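Descriptive analysis of the structure
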Amino acid sequence: MPVIQVEASQDQLLRAVEQLKPDELDRFVAQVVALRAARVAPSLPHDEAELLQRIGAGLPPATQQRLDELVERRRQETLTPAEHAELLAVTDQVEQFDAERAAALAQLAALRGTSLSNLLLSLGIQPPPHV
C-alpha cells in the first residue's frame, strides 16, 4: 500500500475511518495505539512502555491476510477440508494473540492502579461488541 501525506481535520479523519471494514478498523486502532505508545514511551517507566508496545502490536500482516482469505472462502462456502483445518489453526493463533494482549492490558491496569475499563477508555480502545 502506498504511503501518502494528507492534510485533514480530525473530523475528516474520523469520517474516513468510519468507512473501514471491521477488520481494517481493528488493525487501524492497533496501529494508532502503537503510535500513541511510541510517543509517550520515553516518559513512561520501562514496564509500561513494554506493555503498551505489546498491546498496540497487531497480528502479523501475513497472518491477518491469510485469516481474511480463509474467512472469506468460508463465507462463500468454498473452503476445502485442508483450508478448514488451517482456519482452525490460524484461529487458535489469533485467540492466543488476543489472550496475550488481554493479559498485557490487565498488567498495565494493575501497574497504573486502575480498572481495566478505565484503562481501555484512557487508551481509546473500544471493547469488541460481543463482550
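Going along each chain's sequence as written, the residues are numbered from 1 onward. It should be noted that, the model being predicted, local features are given only for residues of pLDDT at least 70 and side-chain atom pairs only at 80 or more, the latter also being counted only at that level, while totals for whole chains, interfaces and linings use all residues. Here the side-chain values reflect all heavy atoms present in the structure, with hydrogen atoms and water set aside.

**Quick look at the side chain of Glu48**
Selection rule: The helix count covers DSSP runs of H or I at least four residues long, the strand count covers runs of E at least two residues long, and both are numbered beginning at the N terminus. Per-residue accessibility, obtained with a 1.4 Å probe over protein chains only, is compared with the maximum for each type, and a residue is labelled buried under 20%, exposed over 50%, and partly exposed between these values. Throughout, a contact is declared for two residues whenever any of their heavy atoms are within 4.5 Å.
Relative to the helices and strands, Glu48 is located in helix H3 (residues 46–56). Glu48 gets classed as buried once you look at its relative accessible area, which sits at 12%. Filtering out sequence-adjacent residues up to four positions away, Glu48 remains in contact with Leu108, Leu111 and Arg112.

**So, helix H5 (residues 81–112)**
Note on helix geometry: an α-helix contains 3.6 residues per turn, so any two residues three or four positions apart are oriented the same way. What counts, and what does not: A helix is expected to span 1.5 Å for every residue after the first.
Here H5 is 32 residues long and its end C-alpha atoms lie 46 Å apart, about the 46 Å a rise of 1.5 Å per residue gives. Looking at H5, one finds that the buried residues are Glu83, Leu87, Val90, Val94, Ala104, Leu105, Leu108 and Ala109. Of the surrounding elements, those touching the buried residues of H5 are H3, helix H4 (61–75) and helix H6 (116–123). In the segment just after H5, Gly113 is the residue with positive phi, at about 65 degrees.

**Examining unusual backbone geometry**
Positive phi values are uncommon outside glycine, yet Glu77 reaches one of about 60 degrees. Take Glu77: it is sitting in the loop between H4 and H5. On the basis of relative accessibility, which here comes to 74%, the residue Glu77 falls in the exposed class.

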